[in-house]
Amino acid sequence: MSEVNSDAPNVKIIPPLVYLAGIIVGLLVSMWVPSKLLPNPAVWIIGGILFLCGAVLVGSAILMFKSVGTTVQPDRASSRLVIAGPYKMTRNPMYLGLAPYSLGLR
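The paragraphs below set out a description of the structure included in this document. Keep in mind the model is a prediction, meaning the values are calculated, not measured. (Residues numbered from 1 in each chain as written. Predicted model: local features only at pLDDT ≥ 70, side-chain atom pairs only at ≥ 80, totals over all residues. Heavy atoms only, no water.)

1. A short note on the overall build of the protein chain
Here is the rule we go by: Put simply, DSSP H or I for four residues or longer makes a helix, DSSP E for two residues or longer makes a strand, and each gets a number counted from the N terminus. In this description the radius of gyration comes from C-alpha coordinates, and the expected globular size is given by 2.2 Å times residues to the power 0.38. Relative accessible area decides the class of each residue, using a 1.4 Å probe on protein chains only: under 20% of the type maximum gives buried, over 50% gives exposed, and in between gives partly exposed. A contact between two residues is defined here by any heavy atoms of the two lying within 4.5 Å.
Broken down by element type, the protein chain carries three helices and zero strands. Each helix (α) and strand (β) of the protein chain, taken in turn from the N terminus, gives the series α-α-α. Computed over C-alpha atoms, the radius of gyration of the protein chain comes to 17 Å, more than 25% over the 13 Å expected from 2.2 N^0.38 for 106 residues, which places it beyond the range of a compact globule. Reported as C-alpha extents along the three principal axes, the dimensions of the protein chain are approximately 60 × 35 × 15 Å. Considering the protein chain as a whole, with its 106 residues, one finds that 17% of them fall into the buried category. Taking all contacts inside the protein chain whose residues are at least 6 apart in sequence as the whole, residues at least 24 apart take part in 67%.

2. Brief notes about the nonpolar core
Nonpolar side chains in soluble globular proteins tend to be buried together. To be explicit about the condition: Residue types Ala, Val, Leu, Ile, Met, Phe, Trp, Tyr and Cys, when buried and joined through side-chain atoms within 4.5 Å, form a set referred to as a nonpolar core.
Core analysis: the biggest nonpolar cluster contains five residues, these being A61, F65, V82, Y87 and M94. Those residues within four positions of M94 in sequence are excluded, and the remaining contacts are V58, A61, I62, F65, V72 and Y87.

3. Structural notes on the side chain of T70
Defined as follows: Any pair of N or O atoms that falls within 3.5 Å is considered a polar contact. Within protein, one atom must be able to donate a hydrogen and the other to accept it, and sequence-neighbouring residues count only if both atoms are side-chain atoms.
Note that T70 resides in the loop between α2 (40-68) and α3 (93-105). A relative accessible area of 8% means that T70 is categorised as buried. At 2.9 Å, the side chain of T70 and the backbone nitrogen of S79 are in polar contact. For T70, the residues in contact, after removing those within four places along its chain, are F65, S78, S79, R80 and V82.

4. Overview of the packing of α2 against α3
To keep it simple, the criterion reads: Under this scheme, a helix contributes an axis fitted over its contacting stretch, all axes are lines through C-alpha atoms, and angles between N-to-C directions fall in the 0 to 180 degree range. Small angles under 35 degrees read as roughly parallel and large ones over 145 as roughly antiparallel, with 65 to 115 read as roughly perpendicular and the rest as oblique. In this scheme, a crossing is called left-handed if the near helix is turned counterclockwise away from the far one by less than a right angle; it is called right-handed if the turn is clockwise.
At a minimum axis separation of 7 Å, α2 and α3 run at an interaxial angle of 155°. The orientation of α2 with respect to α3, classified from their angle, is roughly antiparallel. Between α2 and α3 the crossing geometry is left-handed. Only P93, M94, L96, G97, L98, P100, Y101, L103, G104 and L105 of α3 make contact with α2, whose side of the interface consists of G47, L50, F51, G54, A55, L57, V58, A61, I62 and F65.

5. Brief notes about the pattern of salt bridges
When charged atoms on two side chains of opposite charge get close, those side chains can pair. Put simply, the rule reads: Salt bridge, as applied in this entry: a Lys or Arg side-chain nitrogen positioned within 4 Å of an Asp or Glu carboxyl oxygen.
Under the criterion given, the structure shown has one salt bridge. The partner of R76 in a salt bridge is D75, with the nearest N and O atoms 3.0 Å apart. Given the relative accessible area of 45%, R76 is considered partly exposed.

Such coordinate-based values are descriptive only and should not be taken to indicate function.
This is the structure:
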């Protein structure tokens, strides 16, 4: 009997899809229940800063994965351990970066 690669994580739902679902739910809720907590220019500025910070963190983590030659896909086994760049500060900078990214989209 052949064995499945035991190094690959047993991922049922790919984590970026969880953030995508949250973004979609947030957009639907904001269409039904619009809110005006902050003036519009302030919302755009804060949202843009959050979006850019998240995008930079995710982008730098992806570039670090590419530079060491391992996969970015969360359901595949990685070939190397990445400990440089944003991985010096956090274990999952890609997922951490998706939080401000999705918040910035409002």
